[in-house]
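Spelled out, the chains give:
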Amino acid sequence: MLERFKQLLGEMNRGIYEKETEISLSLLAALAGESIILLGPPGVAKSMVARQLKTAFREAQSFEYLMSRFSTPDEIFGPVSIQKLKTSDTYERAVEGYLPTADVVFLDEIWKAGPAIQNTLLTVINEKIFRNGNREMHLPLKLLVAASNELPAKGEGLEALWDRFVIRIESRPIKLEKNFRAMLLEVKSEEQRVNNSNAITAEEYAEWMERIDKIGVKIEVLDAISAIRKSLRAVNVDEAAERRNIYVSDRRWKNIVRLLRTSAFMQDREEVDICDLLPIYHCLWQEPDERDAIRNIVIRALFSPFADKLVEMKNALAEDIKYHRVRRNPEDGRDYEGEIEALSDGLSSLEKQLGENLFASADDKAEISAYLRDFYKELAFTRQDTMKLYEV
C-alpha cells in the first residue's frame, strides 16, 4: 500500500512546484474523510491542489466556486427545481453538477460566503449529509478544500466552520529559484499534466474506510497526545509576549486520531506509531504565527521518552561520580555506555522513521535535525562523564 501511495503522490505532484505538503495532506484528509483549508495570497496554486486531488479518484466529479458576499445557496447547492415545486409542491434543489454530487470540492474565499451557505456547510463537512427538501442526501464527498487569504473574522460566528477544517496549511509562493524558473517555462496543459494509473476506485475507498477504523493506537501515542495537549495550555510564540493557551476542541482531537489511523494505514502499519504524530501540528494552530512553536512541541513529544531516559541516566551517573564509586571495568555496576549506545540507536531509528514519513516536509526534517544535534551533544557529554567512573 505504501508504494502505491508514493507513486500516486509522485504522479499528483508532477508539474507542480513546492506543493508536496498541501497535496500529501489533502490526500490524507480525503482518505480520513476530513477537510482542509489553505491560507495564502492569490496565485499560489491553491485551486490546483484541489484539481490534483480529483485525479486521485477514478471517475471523480468535482465542483469549484469562488465565493463573494453576493453568493447564494443556489450557486453552491443547485437551483430550486421549478418542476418539483409545481408538480408535488416540494421545495427541492436540482443538485446535479453542484456540490451535493461532487467527490472533491474547492471553495475559494470561504469566509466571504453568507450565513445560509456557511451553516449548510457545517453539516456537509462534518456529517456528509445535505438536506434537500424533505429528504436527506448522503453525499459522495471525499474532500472539501477551502481557501482564503485571511483568517476568519472574529465575532462573526465563524468559529464553528473554522473548527471543521481539521488540517490548516499556509500555502506560499515558490521559494527555490530553480523551481520558480521551471514553473515559468512549463507549457503543459492541465489535461496533459496527470496520467494517474494509481487512481482510487469507489470500491477501494469504501473498503479502506472500514480498514482504517480497525487500525490500533499504541499507548505511547496516547501518552504523547496527552503531553502535547497539556503543552498547548502555555505556548511560547513570542519571547516578549505572554504564553498562549491554544484551544483545541474534543471533536478536533477525535478527528486527529482518525487522521493518525489513516496515516498508519497508508504506510502499511496495523497500529498508529509515534512517527505518525509528526504532521498533527497542522491541525493544532489557530493563527499562523503559532505553527512553528507547536511543531516544536510535537517534535519534543515524539522524543520525550528518550529525553526522560537521558535525564534519569545523567542524574544516576552524577550520583555515582559524587560518591566516588570507582570501577575497574564496565561490567561493574550499571552499564552506562551500553545505555548510551541503545539511546543513540533509538534516536537514529526514530529519526529515520520520521524522515520516511509520507507527510514530513523538508522544513520538518530540518527542525528534527536541529533538535537532535543538541540531543547528540548531550549524549556525547554524558559519555565523557562515564569515564570518571573508571578514574582511580
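Structure first, text after, so check above.
Throughout what follows, the structure given in this document is the object of discussion. (Residues numbered from 1 in each chain as written. Predicted model: local features only at pLDDT ≥ 70, side-chain atom pairs only at ≥ 80, totals over all residues. Heavy atoms only, no water.)

Topic: the overall build of the protein
Here's step 1: Within the protein one finds 16 helices and nine strands.
Here's step 2: Along the first, second and third principal axes, the C-alpha set of the protein runs to 100 × 45 × 40 Å.
Here's step 3: Taking all 392 residues of the protein together, 48% fall into the buried category.
Here's step 4: In the protein, the share of contacts with a sequence separation of at least 24, taken over all contacts with a separation of at least 6, comes to 78%.
Here's step 5: For the protein, the accessible surface area stands at approximately 20000 Å², while carbon and sulfur atoms represent 49% of it.
Here's step 6: Distance from the positive charge centre (56 side chains) to the negative charge centre (67 side chains) of the protein: 1 Å. (Helix = DSSP H or I, 4+ residues; strand = E, 2+ residues; numbered from the N terminus. Buried < 20%, exposed > 50% of the residue type's maximum accessible area, 1.4 Å probe, protein only. Contact = heavy atoms within 4.5 Å. Areas by Shrake-Rupley, 256 points an atom, 1.4 Å probe, with all protein chains shown as cover. Lys, Arg positive; Asp, Glu negative; His and termini not counted. Charge placed at Lys NZ, Arg CZ, Asp CG, Glu CD.)

A short note on the packing of aromatic side chains
Here's step 1: Under the definition given, this model contains twelve aromatic pairs.
Here's step 2: With a centroid separation of 5.5 Å and an interplanar angle of 65°, the aromatic rings of F5 and W208 are classed as edge-to-face. Of this pair, F5 sits in helix α1 (residues 2-13) while W208 is found in helix α10 (residues 202-213), placing the two residues 203 residues apart along the sequence. The burial state of F5 is the same as that of W208; both residues are buried.
Here's step 3: Where F303 meets Y371, the ring centres are 5.5 Å apart and the plane angle is 40°; that geometry is what we call tilted. A residue pair is termed long-range when its members are at least 10 positions apart, and F303 in the loop between α13 (291-302) and α14 (304-322) and Y371 in helix α16 (residues 362-386) qualify at 68 residues. In this pair, the class of F303 matches that of Y371, namely buried.
Here's step 4: Among the aromatic residues, ring-to-ring pairing joins W111, W162, F165 and W285 into one connected group. (Phe/Tyr/Trp six-rings, centres within 6.5 Å; stacked < 30°, edge-to-face > 60°.)

Points about helix α2 (residues 20-32)
Here's step 1: A rise of 1.5 Å per residue sets the reference length of α2, with its 13 residues, at 18 Å; its end C-alpha atoms lie 18 Å apart and thus fit the reference within 8%.
Here's step 2: Taken across its 13 residues, α2 has twelve buried, putting it largely inside the fold.
Here's step 3: Just past α2, the residue G33 takes up positive phi, approximately 80°. (Expected span 1.5 Å × (residues − 1).)

Some points on the packing of α2 against helix α12 (residues 250-266)
Here's step 1: In contact at an axis separation of 9 Å, α2 and α12 are set at 105° when each is read in the N-to-C sense. Considering their axes alone, α2 and α12 lie roughly perpendicular with respect to each other. For the pair formed by α2 and α12, the contact residues are L27, L28, A29, L31 and A32 on the first element and R258, L259, T262, S263 and M266 on the second.
Here's step 2: For the contact of α2 with α12, the per-class residue count stands at seven nonpolar, two polar and one charged. (Axes fitted to C-alpha atoms, helices over the stretch in contact; angles between N-to-C directions. Parallel < 35°, antiparallel > 145°, perpendicular 65-115°, else oblique. Nonpolar A, V, L, I, M, F, W, Y, C, P; charged D, E, K, R; others polar.)

Some remarks on the pairing of strand β1 (residues 36-39)
Here's step 1: Burial along β1 is two-sided: the residues I36 and L38 and I37 and L39 are all buried.
Here's step 2: Relative to strand β6 (residues 143-148), β1 runs parallel, the two being bridged by four bridges. Considered in β6, the bridge of I37 is made with A146.
Here's step 3: Here four bridges tie β1 to strand β7 (residues 167-170), and the two strands are oriented parallel to one another. (Pairing = 2+ DSSP bridges.)

Here we look at the nonpolar core
Here's step 1: Residues F5, L27, L99, L121, L144, L284 and F303 are the most contacted members of the largest nonpolar core, which totals 118 residues.
Here's step 2: For F303, the contacting residues outside a window of four places in its chain are L347, L350, L354, I368, Y371, L372 and F375. (Core = buried A, V, L, I, M, F, W, Y, C linked by side-chain atoms within 4.5 Å.)

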